Amino acid sequence: EAPGTEQELTDGFHLVIDALKLNGINTIYNVPGIPITDLGRMAQAAGIRVISFRHEQNAGYAAGIAGYLTKKPGVCLTVSAPGFLNGLTALAHATTNCYPMILVSGSSEREIVDLQQGDYEEMDQLAIAKPLCKAAYRVLHAQDIGIGFARAIRAAVSGRPGGVYLDLPAKLFGQVMNADAGRKSLVKVIDAAPAQIPSPASVKRALDVLKSAKRPLIILGKGAAYAQADEEIKDFVEKSGVPFLPMSMAKGLLADTHPQCAGAARSTVLKESDVVLLIGARLNWLLSHGKGKSWGEAPKKFIQVDIEPREMDSNIEIVAPVVGDIGSVVSAFNQAMGASWTAPPAEWTNAIVSKREENVAKMAPKLMNNKSPMDYHGALGVLKNVIKEHPDAILVNEGANTLDLARGVIDMYKPRKRLDVGTWGVMGIGMGQAIAATLETGHPVLAVEGDSAFGFSGMEVETICRYNLPICIVIFNNDGIYRGTDVNSANADPATTVFVKGARYDKMMEAFGGVGVNATSPDELKRAVNEAMASGKPTLINAVIDPAAGSESGRIGNLNPQSVLQKK
Ligand code: OXT
Ligand code: ADP
Ligand code: MG
């Protein structure tokens, strides 16, 4: 280099970090390795929180739920081929659930990959990611890093949120350019998720239909929770006087104990309602596609609020589609309703209240039993009170019986406090979601996990201990999937659904320096959870559940295909 020509330089590594920081992305969920190890180190040195996991799938689930909780894309960083594929399940999950997330993967040399000459971890990652996410991009030149991240961020959060793949070949990181030109190449994304104002005509149509109802119902989905329009939604629901049914992750948007909540009268309201207003909930399998037995005989009209126009009429006719972002739509509803809105007929709202009280009263004694080994209700009665006393704690929940019964028993009081398996009913979200939930919100986590469900991400207890996170994991240990009682009569192998009997998951936590407790009764469980919530120490409680207590597939056993040739 000739004297006097020295210039300040930057490179791919630093431009990636600067692009993230410029856009307010302060956390990366990752697993290190070639070619992104140094990127993680440098990001950490530059003040980004880099959370290093044991498996990319869990880092990916963490990034997805971070996106859901913050409305900013959660970033997962992986190595090439196998690391990328491990993260890809989570990217597809984020897309399916409408969580904004960016999967950033290092990749091998384009020239070698494209000629299929057998590079280290060779794979055409971009092509594989494309059908499984909302958008997929590759950056080949350092000067395009700024634009690459801008596109990824905007694609993830605008319109219907979802997963974006960003492919960064190894060579990119070392590419050098003039620092000033580098700075100028970066893009701070302005108004990444612009408001989408509904047309006044669609708002009027929707309110006219709602007004005409004798037995109206509002269904709130996780899109409504994601929107962070909590006050507007509460005002609207209360002003309308219409009963509401929260989908699983919308629980707590208005408290489950709210007088208009119809959660404990679910089948009644689905069957009997005449007008249904969906806000950020799809008419997918979780709502029986809006038809069939669970929706009853009475004719029904559907109003739907969603940011995605193509969601309308996806399963049945929507008589009043309202396309827009939920905050804008619900504000428009509130304005257009004026002061003279008439509440629905008392006959309808009273019928729901009495059905709800009947179901709650039926459940109450079950929650007080002190059986040992515990049944689900005995154990959940304890956890219900824990959340009541700690309404800011975040509940992470997966399993079959452990999921379905906890959903019904544990009341939620605040928005976005219940995180679960989502649209796919996927096992394995537990530890990743627990870790991101506490990191992103600063609140403690109670993770209620089936023993099978926990197994999908169990190694992350090391991560939880390493970062010393206030997470209390309660494993509902019933010796297996659904039940621990199956027997294989054909040979010496155990039945496919059963695990080692009397396993002590609490010892796993102790192995990494966390607190492990074996709880065999509701009293012991209560003591252990209270202690964990008070101390904030990483804790795993092995809650011993009667292996015979559960049922096949929890509440969705009807989805199992049946063989006519073989009786169970
Ligand atoms: O109105 P009615 O009378 O009908 O009553 C309803 C409510 O009104 C009432 N209710 C109440 N009563 C009183 N008080 C209160 N507070 C109250 N609240 C409600 O209760 C009833 C029921 O209400 P609910 O729950 O709202 O209504 P319902 O009818 O259940 O709703 C329907 C659905 C579909 C909306 C709901 O059921 C739902 O959301 N379901 C989600 C189900 C789901 O996603 N399950 C997970 C998948 S299962 C299976 O696939 C599993 N696998 C396979 C596998 C998976 N998933 N993933 C991967 C990667 N690999 C494999 C595996 C391996 S589960 C599983 C592991 C299972 O074993 P574990 O050990 O982990 O768990 P255990 O089973 O515990 O052993
Ligand atoms: P649930 O499982 O709780 O029923 P779904 O995931 O099926 O919820 O539906 C969420 C819906 O919310 C999706 O159709 C998505 O397009 C929509 N959505 C997400 N964010 C917004 C928003 N800000 N405004 C309007 N709709 C949204
Ligand atoms: Mg189990």
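Residues numbered from 1 in each chain as written. Chains lettered and ligands numbered in written order. Predicted model: local features only at pLDDT ≥ 70, side-chain atom pairs only at ≥ 80, totals over all residues. Heavy atoms only, no water.

How should the coordination of the magnesium ion (ligand 3) be read in this particular structure?
Each pair of donors in an ideal octahedron of six around a metal sits at 90 or 180 degrees, and each pair in an ideal tetrahedron of four sits at 109.5 degrees. Coordination of the magnesium ion (ligand 3) by the protein is provided by Asp451 (OD), Asn478 (OD1) and Gly480 (O), with metal-donor distances spanning 2.0 to 2.1 Å. Donor residues for the magnesium ion (ligand 3) sit on one chain with the sequence pattern D-x26-N-x1-G. Separated by 27 residues along the polypeptide, aspartate 451 in helix 19 (residues 451-455) and asparagine 478 in the loop between strand 17 (471-477) and helix 21 (506-511) bring together distant segments of the chain. Classification of aspartate 451 as buried rests on a relative accessible area of 2%. On the basis of relative accessibility, which here comes to 2%, the residue asparagine 478 falls in the buried class. (Donors = N, O, S within 2.8 Å, 3.2 Å for Na, K, Ca; no water. Helix = DSSP H or I, 4+ residues; strand = E, 2+ residues; numbered from the N terminus. Buried < 20%, exposed > 50% of the residue type's maximum accessible area, 1.4 Å probe, protein only.)

In this structure, what is going on with the site of ligand 1? I would like to understand it.
The environment of ligand 1 is made up of 34 residues, and the closest members are Ser267, Tyr376, Thr402, Gly425 and Asp451. One nitrogen or oxygen atom from the main chain of methionine 427 is found 3.1 Å from a nitrogen atom belonging to ligand 1. Measuring from an oxygen atom of ligand 1, one finds a side-chain N or O atom of arginine 555 at 2.8 Å. For ligand 1, the accessible surface in isolation is 1,500 Å², of which the surrounding protein chains cover 79%. Secondary structure elements with two or more residues in the shell around ligand 1: helix 13 (266-272), helix 15 (346-367), helix 17 (401-409) and helix 19. Among the elements that take part in the shell around ligand 1, helix 17 stands out by supplying 6 residues, more than any other. (Near = heavy atom within 4 Å. Polar contact = N/O pair within 3.5 Å; in protein donor to acceptor, adjacent residues only side chain to side chain. Areas by Shrake-Rupley, 256 points an atom, 1.4 Å probe, with all protein chains shown as cover.)

How should helix 3 (residues 56-70) be read in this particular structure?
With 15 residues, helix 3 ought to run about 21 Å at 1.5 Å a step, and its terminal C-alpha atoms sit 21 Å apart, in line with that. Burial runs high along helix 3: 14 of the 15 residues are buried. Directly after helix 3, the chain includes lysine 71, whose backbone phi takes a positive value near 65°. (Expected span 1.5 Å × (residues − 1).)

What should I look at first to understand the pairing of strand 19 (residues 539-544) in this one?
Taking burial as the measure, the 6 residues of strand 19 include 5 buried ones, the bulk of the element. Inspection of the sheet shows strand 17 paired to strand 19 by 6 bridges, in the parallel sense. By the bridge assignment for strand 19, valine 474 is matched with isoleucine 541. As paired strands, strand 18 (residues 515-519) and strand 19 are joined by 5 bridges and run parallel to one another. Residue pairing in the sheet places valine 515 in a bridge with threonine 539 of strand 19. Each parallel crossover has a hand, and the one from strand 18 via helix 22 (residues 522-535) to strand 19 is right-handed. (Pairing = 2+ DSSP bridges. Right-handed = clockwise from strand over helix to strand, strands pointing away.)

Please explain the packing of helix 1 (residues 12-22) against helix 2 (residues 37-45) as it appears in this structure.
To describe two helices that pack against each other, one gives the angle between their axes and the distance between the axes. Two elements in contact, helix 1 and helix 2, have axes separated by 10 Å at closest approach and are oriented at 50°. When the axis of helix 1 is compared with that of helix 2, the two are oblique. Of the two elements, helix 1 crosses helix 2, and the hand of that crossing is right-handed. Contact residues: Phe13, His14, Val16 and Ile17 in helix 1; Asp38, Leu39, Met42 and Ala43 in helix 2. (Axes fitted to C-alpha atoms, helices over the stretch in contact; angles between N-to-C directions. Parallel < 35°, antiparallel > 145°, perpendicular 65-115°, else oblique. Left-handed = near helix turned anticlockwise from the far one by under 90°. Contact = heavy atoms within 4.5 Å.)

Can you help me understand the side chain of aspartate 375 in this one?
With respect to the helices, strands and loops of the structure, aspartate 375 is situated in the loop between helix 15 and helix 16 (376-389). When its relative accessible area of 16% is taken as the criterion, aspartate 375 is described as buried. Side-chain polar atoms of aspartate 375 contact the side chain of asparagine 369, separated by 3.1 Å. Within polar-contact distance, the side chain of aspartate 375 engages the backbone nitrogen of glycine 378 at 2.7 Å. Ignoring sequence-local partners within four residues, the contact set of aspartate 375 consists of Asn369, Ile545 and Ala549.

What is the right way to look at the site of ligand 2 in this model?
Within the structure, ligand 2 sits among 19 residues, and Arg160, Lys222, Arg282, Asp306 and Ile326 are positioned closest to it. Ranked by the residues each element gives to the shell around ligand 2, the list is headed by helix 11 (residues 222-226), at 3 residues. Its residues assigned to classes, the shell around ligand 2 comprises 8 nonpolar, 6 polar and 5 charged. (Nonpolar A, V, L, I, M, F, W, Y, C, P; charged D, E, K, R; others polar.)

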